[in-house]
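Spelled out from the first residue to the last, the chains are:
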Protein chains: 2
Amino acid sequence: MATSVPDAGTSNGSQAEEICLVCNDFSTGYHYGVPSCNGCKTFFRRTIMKKQVFACQYNGTCTIDKSIRCACRHCRFEKCLKVGMDRNAIQQNRDPIGYTKRTRRYPPAKTLTASMGVSPPAIVPQSQSPQQSVNELTAEQMAEDVLLQTLMQVENQVEKLRNSNFVMQKSLIEAVLATSIFLDPQFIESPMEPAHNYDILRPAKMADYHYWHEREWVIMIEWAKTIPVYKELDLADKLALLRYSAITYPAMIQCFYTPDKGPDTIVFPNGAYFDRNPEPERPAGFQRKKFQMLDNLLKPLRDMRVDINEFAAAKAIFFLNPDADDLQPDTRHPIAETRASITNALYRYMVKRRGSEEAADRYGKLLLLGTVIATMAVEMKEAVVVADFFEQVKFSPFAKELLFGVKHEANGGTPISVVTP
Amino acid sequence: MATSVPDAGTSNGSQAEEICLVCNDFSTGYHYGVPSCNGCKTFFRRTIMKKQVFACQYNGTCTIDKSIRCACRHCRFEKCLKVGMDRNAIQQNRDPIGYTKRTRRYPPAKTLTASMGVSPPAIVPQSQSPQQSVNELTAEQMAEDVLLQTLMQVENQVEKLRNSNFVMQKSLIEAVLATSIFLDPQFIESPMEPAHNYDILRPAKMADYHYWHEREWVIMIEWAKTIPVYKELDLADKLALLRYSAITYPAMIQCFYTPDKGPDTIVFPNGAYFDRNPEPERPAGFQRKKFQMLDNLLKPLRDMRVDINEFAAAKAIFFLNPDADDLQPDTRHPIAETRASITNALYRYMVKRRGSEEAADRYGKLLLLGTVIATMAVEMKEAVVVADFFEQVKFSPFAKELLFGVKHEANGGTPISVVTP
DNA sequence: AAGTAGCGGTCAAAGGTCGA
DNA sequence: CTCGACCTTTGACCGCTACT
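Residues numbered from 1 in each chain as written. Chains lettered and ligands numbered in written order. Predicted model: local features only at pLDDT ≥ 70, side-chain atom pairs only at ≥ 80, totals over all residues. Heavy atoms only, no water.

Comment text from UniProt for chain A, heading Subcellular location (unreviewed entry), reads "Nucleus". The record held by UniProt for chain A lists under Sequence similarities (unreviewed entry) the comment "Belongs to the nuclear hormone receptor family." (UniProt positions renumbered as here; feature names shortened; annotations may be inferred.)

Laid out in structure tokens, this is it:
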């Protein structure tokens, strides 16, 4: 326990390799691919080898620092994964799929080079280096991983944009055609504005629902424009994808980014919240949507402890729906291809973080959330049409453009009607 | 914690290290820099961590000895400091670790394997036995694989039943409650009847659609009764699952088992077929369903060359939808568990047959068909309701029971209206 | 031949547990 | 409530192997 507090003041990045990325203690070199200290290195290895699963006593957001790195093993392990420690670099206890023999336990005798029979690969390196199937990626796989990394990086900007005070005064078409703010270096480097106060909550009013939906839509549009395949689509196809996700994208965002105020509460960044209580002034059918969000989205996301990177991938997978209405037949294929690229990269990401066994289970559960998304998309499309038909909801021009594909007027942009919450 | 025992030269040092410098009890090693016993070690830590301050009842000169070390906490703590215990060696609170007594309970969850039954094993499995990693499947995994194998075996009977001339004259409720024909040894051993002649095709008429839908429903019911978790459900939950899949189960069956007459044709076993041609006599909305079946189900099933075993798993995964309407809350969890068991077993099956790389891609694509299924389920539920409302379709009593949950009449069974094709 | 980076293993010494 | 026998967890240090 070296008590020596490192002078963190040196902003020199070249020293970064000497600091443990997990706990900021002095690093003793690269371990499992990450500059880290002996403690975090050993902790990571032990956790994986013993297949331990921890639970955070709080809300899974504990800060990990040298002085308190032992306080929450769940968050410490999550931090290890977050900074990129690679469980495939752990040698014992290998991937159960590509069966490799291990020669541990009692005899250190390595005379039994052949060990047990089954040796699938032509070359069997006796003592396994962490190479092989893991680091050897094809060019295609690397491209897929780059795509996923881009999604992850953008996702890390989403909350910043969501909490910010930006005002978009564009029509839907203009917003779709403009360059994404997520690709604007000035925005990327801007600091996160102080989070809203989540301690003072108040029930959401109609104005809150409208305000936040339109805000999430703008975020969805800015986000979509960062996806390579999306940029290449015709305007009509872009709008078709946006329309398909118009209901579910805000729902996913709101479920994932709400602070944990219990299993029945979803909070908007301004402190407005809703829960299971009925709200008679809202159109019928929206109560059902609330239950679906709480039971079928929020709960599994929480239970699975979906991390932001998995969430980034899931959002894109469900958004890039080649079966969405009104897509031109020619564009379905490239969309499906990109979707497959993301699923493949997501799977590799999960294997790296969770191991192949848990990854398969987790991957399946996450993809099956697609059924929930699809159900909500269809049901709410119906409900929205009905609500509009009976004029229960006064949709803004922006909303009508998005939900119903109302033709854009020749020249003037229809400004977003921002409702002050 | 390199001990760096400084005893090198001291003659009697070897003896002193075995004695607690605080109370002269046997020491258990160095604690906080001083050879000390467990009691004094723990006492010192507790005192520091709880920031306790003691007062001596006498004059602060109490002797501390093993027999009376608890008599005066003030003087005991002073003695700790005097012999050199280092308060800087006290660390922060750590994460709680749970039970440590081996005579109590089973370890803190995580291993769902032996969750059933009482069986607290004398030896806690929590300890490290790094075995089981490679070829060895856990008992849980083996149970999952057995479940999948059962589904596969039943699936191999489906076409036999579908092509047979069986006539079910039962009401929905009776069919649900009876024993599955798939579990009847007599049926299992019966030979497959000669397949229908798929060379002579004719366009399907309304009667064909009705006939085959009701027939697929009967097959669905017989099939569902072979799923262990399904058997345990209440009648209402059984009906809820059947209702959810009432549209999509026949669609999946028809897509998978149709002979390949080109990408736009689906053939029933009696030679009746349909394709993309509009059929004005059918209700609006059914044309859309046909396109969905051809484009979103038949095409991917063909493109992926889904085999019958994968199909068996997929059917069950989509059928066991824990989010289906009207399910009781308590039954959602066991359904989700079984669904996860099947997905896991399916993944292992794919890895075995295709290798881990292709398996991940294939597994993802197959599970994402769930979005198609969910979309069709919801849309057709709407369409069916509308169709019934406008009486465009004369639903049979059996169909009404299934689709709308019409109450079963007290005694008489409502016979299936078998339309001769 | 010697050096180094990064694996896994080790065990003294931390902290946690729970019946007495 | 405190005590302390007994337990788990931690991490500085070590040996090992592959690759310079």
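### Looking at the interface of chain B and chain A
Taken together, the contact between chain B and chain A spans 46 residues of the former and 50 residues of the latter. With both chains or domains summed, chain B and chain A bury close to 4,000 Å², and 55% of this area falls on carbon and sulfur atoms. The tally of links from chain B across to chain A stands at three salt bridges. Of the charged contacts in the structure, one is a salt bridge between B:R288 and A:D325, with a shortest N-O distance of 2.8 Å. Here chain B is connected to chain A by twelve residue pairs in polar contact (both at pLDDT 80 or more). (Contact = heavy atoms within 4.5 Å. Buried area = accessible area lost by both parts, 1.4 Å probe. Salt bridge = Lys/Arg side-chain N within 4 Å of Asp/Glu carboxyl O. Polar contact = N/O pair within 3.5 Å; in protein donor to acceptor, adjacent residues only side chain to side chain.)

### Focus on the sheet that holds strand 3 (residues 202–203) of chain B
All names here are of chain B. Strands sit in the order 3-5-4 across an open sheet of three strands; the sheet is mixed. Each edge of the open sheet is held by one strand with a lone partner, namely strand 3 and strand 4 (266–267). Two strands pair when backbone bridges link them, and strand 3 and strand 5 (residues 272–274) are joined in this way by two bridges, in the parallel orientation. If you follow R202 over to strand 5, its bridge partner there is A272. (Pairing = 2+ DSSP bridges. Helix = DSSP H or I, 4+ residues; strand = E, 2+ residues; numbered from the N terminus.)

### Some remarks on the packing of aromatic side chains
Residues and elements named next belong to chain B. The tally for this structure, following the rule as stated, stands at 34 aromatic pairs over all chains. Residues Y209 and F274 carry aromatic rings whose centres are separated by 5.8 Å and whose planes lie at 45° to one another, so their mutual orientation is tilted. Taken as a pair, Y209 in helix 7 (residues 206–224) and F274 in strand 5 lie far apart in primary sequence, 65 residues in all. For the pair formed by Y209 and F274, the shared burial category is buried. Ring plane angle 45° and centroid distance 5.1 Å describe the contact between W223 and Y249, whose orientation is recorded as tilted. (Phe/Tyr/Trp six-rings, centres within 6.5 Å; stacked < 30°, edge-to-face > 60°. Buried < 20%, exposed > 50% of the residue type's maximum accessible area, 1.4 Å probe, protein only.)

### Quick word on the environment of A:T375
Position of A:T375 among the secondary structure elements: in helix 13 (residues 356–389). As a C-alpha pair, A:T375 and A:T248 span 127 residues in sequence and 9.5 Å in three-dimensional space. A:T375 has contacts with A:Q292, B:A374 and B:V378, leaving out every residue within four places of it along the chain. A distance of 2.8 Å separates the side chain of A:T375 from the backbone oxygen of A:T371, its partner in a polar contact.

### So, the environment of A:L327
With respect to the element layout, A:L327 can be found in the loop between helix 11 (308–319) and helix 12 (329–354). The exposure class of A:L327 is buried, given its relative accessible area of 5%.

### Considering the environment of A:S341
All names here are of chain A. Positionally, S341 belongs in helix 12. As a C-alpha pair, S341 and R305 span 36 residues in sequence and 23 Å in three-dimensional space. Apart from the residues lying within four places of it in its own chain, the contact partners of S341 are E144 and L147.

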